[in-house]
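# A closer look at the structure
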Amino acid sequence: MNLKTLLFALVLFVPLASAAWQSVAAMSFMIAAILLATVYGIAIGIQSEELKALAKEEFFQLLALLIMMVVLVGTDGLLSEISKSSALTNGQPTIQDAAIVSLNGTQETLGDYLKNISDSDKNVSKEASKTKSCNLAGGGYSVSACGGFTMFNAPFSLSGSIVGYAIAEVASAKKLIELSKDFVISLLLPLGIILRTFRFSRGAGGFLIAFSISAYILLPAGIIFVDMLNEQFSTSPAATDYNGSPQAISANCDSGRPYFSSNEDNAIGVYNSLKDNIRKYLKVVLLKATLGPVVALLLFIGGLRALSALFGAEVDVSIIARFI
């Protein structure tokens, strides 16, 4: 396809993208019916049995498209009710908005956690670097009684890296849902219906229809489902140590007293505080920031695989799964 053809197709499709997908579907059906009648008339005129057989095959495909349109129109109200169900949206207008609000909250929480880890690491590292020096009669020596605090560098570094990765994961999931909310129903679904009308692009059209439905409903549904799971876990007795907000860790070390001091107890206190904080980090990092996007993508891929077969698209969804 050359550039002029591509630009011409875009010029034709842009006005259609702004229309409701039901109007685009009806227009596609009428165009296909006119083309089919024209082909069948030509086949009768030239007495071509092959062309008649092709027209009959396309007639059955047109009936299949009509059934799909009826099903889509009939379930459009159901999908809208699912999207606006108060049990799923937590007061938001749609399930997509509820998922975006949830991911925004998770991202802000993880940002606070990252700042908490950074402040704690700075406080402990400052104490670990303390030393005392003494000069006497031209000689001198140094005493460092705070070396034990250096063992916390690795845990703080690893915790910060994991929380940073979780923030990137949540931001990616949020952007994907925002794109599906803004462009799937208004752009990809009408384009899929148009492509599904014609023989040479039938597979691509079926794939785009399946992709649109899965992305619009199942992606945010996975986030909301994990939110419900998180609420159930938070109220269970097993979640007692995982609830609450982690606190910044402070340390205190007397660098001039390597023996008979409270430095050892202070280091143990930092260790216990870090252990308690990690439990609270894990609840958000594992449940909301990791499990939520994973469940959303699994639902999306499962729905894409089932709906692609239903709409007649021969697509190896496992390739998409491996890519994700």
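Structural data are supplied above this passage.
The present account deals with the structure reproduced in this document. (Residues numbered from 1 in each chain as written. Predicted model: local features only at pLDDT ≥ 70, side-chain atom pairs only at ≥ 80, totals over all residues. Heavy atoms only, no water.)

### With respect to the packing of aromatic side chains
Heads up, the rule is: Pairing of aromatic side chains here covers Phe, Tyr and the six-membered ring of Trp, requires ring centres within 6.5 Å, and sorts the geometry by plane angle: under 30 degrees stacked, over 60 edge-to-face, intermediate tilted. Numbering of helices and strands runs from the N terminus; a helix is a DSSP stretch of H or I covering at least four residues, while a strand is a stretch of E covering at least two. Exposure is judged per residue with a 1.4 Å probe applied to protein chains only, and the accessible area is read against the type maximum: over 50% gives exposed, under 20% gives buried, and values in between give partly exposed.
Scanning the model with the defined rule gives four aromatic pairs in all. Aromatic pair phenylalanine 211 and phenylalanine 300: ring centres 5.2 Å apart, planes at 90°, arrangement edge-to-face. Residue phenylalanine 211 is found in helix α7 (residues 202–234), and its partner phenylalanine 300 is found in helix α8 (residues 263–310); the two are separated by 89 residues along the sequence. With a relative accessible area of 6%, phenylalanine 300 lands in the buried category.

### So, the packing of α7 against α8
In a packed pair of helices, the relevant descriptors are the angle between the two axes and the axis-to-axis distance. What counts is decided by this rule: Helix axes are fitted to C-alpha atoms over the stretch in contact, other axes to C-alpha atoms as well, and angles between N-to-C directions run from 0 to 180 degrees. Throughout this description, any angle smaller than 35 degrees is read as roughly parallel, any larger than 145 degrees as roughly antiparallel, any in the 65 to 115 degree range as roughly perpendicular, and the remainder as oblique. Each crossing gets its hand from how the near helix is turned against the far one by less than a right angle, where anticlockwise is left-handed and clockwise is right-handed. As a working rule, the residues Ala, Val, Leu, Ile, Met, Phe, Trp, Tyr, Cys and Pro are called nonpolar, Asp, Glu, Lys and Arg charged, and the rest polar, with Gly in that last group.
One can describe the packing of α7 onto α8 by two numbers: an axis separation of 7 Å at closest approach and a directional angle of 150°. With respect to α8, the axis of α7 lies roughly antiparallel. For the pair α7 and α8, the sense of crossing is right-handed. In terms of residue class, the contact of α7 with α8 is built from 23 nonpolar, seven polar and three charged.

### A closer look at helix α6 (residues 153–197)
Spelled out, the test is: One less than the residue count of a helix, multiplied by 1.5 Å, gives the span that helix is expected to have. The angle between axes fitted to the seven residues ending at a residue and the seven residues starting there is what we call the bend at that residue.
Over its 45 residues, α6 runs 61 Å from end to end, which matches the ideal 66 Å to within 8%, given 1.5 Å per residue. The largest bend along α6 measures about 65° and falls at valine 184.

### Here's the deal with the packing of helix α5 (residues 95–128) against α7
Using the following cut-off: We call two residues contacting when some pair of their heavy atoms lies within 4.5 Å.
Following both chains from N to C, one finds α5 and α7 inclined at 50°, their axes separated by 9 Å at the closest point. Between α5 and α7, the interaxial angle falls into the category oblique. The two elements α5 and α7 cross, and the hand of that crossing is left-handed. Only Tyr216, Ile217, Pro220, Ala221, Ile223, Ile224 and Asp227 of α7 make contact with α5, whose side of the interface consists of Ile95, Gln96, Ala98, Ala99, Ser102 and Leu103. Split into classes, the residues belonging to the contact of α5 with α7 amount to ten nonpolar, two polar and one charged.

### Quick notes on the nonpolar core
It is characteristic of soluble globular proteins that their nonpolar side chains tend to be buried jointly. We count it as follows: What makes a nonpolar core is a set of buried Ala, Val, Leu, Ile, Met, Phe, Trp, Tyr and Cys residues whose side-chain atoms join them at distances within 4.5 Å.
Leu110, Val124 and Phe149 are the most contacted members of the largest nonpolar core, which has 47 residues in total. Contributions of two or more residues to this core are made by α5, α6, α7 and α8. Here the element with the most residues in this core is α8; it accounts for twelve residues. The residues contacting phenylalanine 149, other than those within four sequence positions of it, are Val124, Ala128, Ala251, Asn252, Cys253, Asn263, Asn266, Ala267 and Val270. Grouped together as the second largest cluster of nonpolar side chains are five residues, Ala32, Leu36, Leu62 and Leu65 included.

### Regarding the environment of alanine 289
Relative to the elements of secondary structure, alanine 289 occurs in helix α8. For the pair alanine 289 and isoleucine 167, spaced 122 residues apart in the sequence, the C-alpha separation amounts to 7.4 Å. Contacts of alanine 289, omitting those with residues within four sequence positions, involve Thr106, Leu110, Ala166, Glu169, Val170 and Val284.

### Things to note about the pattern of salt bridges
Oppositely charged side chains may form a pair once their charged atoms are brought near each other. So the rule is basically this: Salt-bridge detection follows one rule: a side-chain nitrogen of Lys or Arg within 4 Å of a carboxyl oxygen of Asp or Glu.
In the structure shown here, the tally under the stated rule is five salt bridges. Between aspartate 119 and lysine 115 there is a salt bridge whose closest N-O contact spans 3.0 Å. Taken as a pair, aspartate 119 and lysine 115 lie in helix α5 at a separation of four residues, close to a single helical turn. Lysine 115 sits in the exposed class, given a relative accessible area of 53%.

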